Amino acid sequence: MQSNGMDFDSLITKVHYANIMMRNYLMNRPFFFSVCLMLSACFLSSTADGRSTFVTIPITSFEKAWAMSFLPDGRLLVTEKKGRLLIVTQNGDKSEPLAGVPDVDYGGQGGFGDIVLHPEFASNGLVYISYVEAGEDDVRGAVVARAKLILDNNDGGQLEDLQIIWHQYPKVTGRGHFGHRIAFSSDDYLFISSGDRQKFDPAQDMNQNLGKILRLHHDGSVPNDNPFSSQGDITAQIWTLGHRNPLGIAFDSQNRLWSVEMGPEGGDEINLIIRGKNYGYPIVSNGNHYNGKKIPDHDTRTEFVKPKIWWTPVISPSEILFYSGNLFPEWVGNAFIAGLSSRSLVRITFEGDSASEAERFDMKKRIRAVKQGPNGAIWLLEDRSNGRLLKLIPERS
Ligand SMILES: [Ca+2]
């Protein structure tokens, strides 16, 4: 779908909002009681075709949250970019910051990043986190670490036995385009997205893992059936190349990997990630450099995989979720993309290998994260100081 010709503003104006309720929270804690009154505006959304509607419930707020993951007990782990990890109940009760979180290099787009549970978390307690690590002489790079999450009896916990299993290489100057999203495939591999660190050419350099999507074993070792494994070293990690800033990666129900990628000025992308392929950045893009320098479009170089959808104007995709829940049965198999500059949630439908934008919800704030909760609600994190954790449920439920 080439969406540059569509007028999304007209779509957005069809989304209606109305305050419908306020909620009180009574917090009951051991040895003391505190009453917290939260004024929670809820927004009722109805969409262009009137078919899919949801109510937005603010749960609590965080200081520049970046990522979230649901624990088996229904609580959420939430990372804050400055380096805090918290556990929050679905009612919004927050733990103290968890101990054992490493120092993160906070600034620009960097800091604490993703958090994902190991597929066998219930038995091994392992969580995987990404964050930015400082090097010497004003350079930095993302790392992925795994640690044991120890939950305590006071609604909190700590990380133990933290072990870094992957480094962005090389560490470079600047504080942008870390990527560092983590996803596990159903056939037991660990995938990591790595941004180009705003250095462009590394995305095509097979001796660096910037601007790539990497495939590893759970302990960080390199599978010997990776496409470039015979070349050893950093090259062996590479699954795909030619990416700019792939902030979201997720598997669909067929175990196909998709990425959403920030384009330059124009040219945001959703890509179907195929083993060993080159996605073209910075040689081609449907956007142009911010300094005005033109980049040839994808169609000029057919050896590079072109995006399934591209966006100009951009949506600034920060995460992608494939929906599989019961609460919104009409959306099963659809994807939802969180939008930063577009302040939106974008619904994507699929037909075979092709994808198209079906609907865009105006969320009024930059959306940093999107996840599905245990009962099928859709959860969002706003990207800002005092940004809200939002729960979306059907209008009638
Ligand atoms: Ca591309």
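This text goes with the structure placed above it.
No experiment lies behind these values; they were computed from the predicted model shown.

Definitions and limits used
Here the residue numbering is sequential within each chain, running from 1 through the sequence in written order. Totals for whole chains, interfaces and linings use all residues, but because this is a predicted model, local features are given only for residues with pLDDT of at least 70 and pairs of side-chain atoms are given and counted only at 80 or more. Under the DSSP-based scheme used, a helix requires at least four consecutive residues in state H or I and a strand at least two consecutive residues in state E, with every element numbered from the N terminus. Put simply, a residue is buried when 20 or more other C-beta atoms lie within 10 Å of its own C-beta and exposed when 12 or fewer do; between those, it is partly exposed, and each C-beta is set from the backbone. Think of it this way: DSSP has to see at least two bridges between two strands before they count as a pair.

### Regarding unusual backbone geometry
Here tyrosine 169 and proline 170 are connected by a cis peptide whose omega angle stands at 0°. Mapped onto the elements, proline 170 comes out in the loop between strand 11 (157-167) and strand 12 (179-184). For the bond from threonine 312 to proline 313, the omega torsion is 5°, close enough to zero to count as cis. Within the secondary structure, proline 313 sits in the loop between strand 19 (309-311) and strand 20 (317-322). The backbone of histidine 180 sits at a positive phi, close to 50°, despite the residue not being glycine. Relative to the helices and strands, histidine 180 is located in strand 12. Its identity as a non-glycine residue notwithstanding, asparagine 255 has a phi of 60°, on the positive side. With respect to the secondary-structure elements, asparagine 255 resides in the loop between strand 16 (245-251) and strand 17 (257-262). Exposure remark for asparagine 255: the 9 C-beta atoms within 10 Å place this residue in the exposed category.

### Comments concerning the pairing of strand 21 (residues 335-339)
Burial analysis of strand 21 places five of its five residues in the buried class, the great majority of the element. Burial of the side chains of strand 21 extends over both faces: Ala335, Ile337 and Gly339 are buried on one face and Phe336 and Ala338 on the other. Strand direction decides the pairing type here: strand 20 and strand 21, joined by five bridges, are antiparallel. Residue pairing in the sheet places leucine 321 in a bridge with phenylalanine 336 of strand 21. Two elements, strand 21 and strand 22 (residues 344-351), share five bridges in a ladder whose sense is antiparallel. By the bridge assignment for strand 22, phenylalanine 336 is matched with arginine 347. Hairpin connection between strand 21 and strand 22: a loop of four residues separates the two successive antiparallel strands, and arginine 343 in this loop has a positive phi of roughly 50°.

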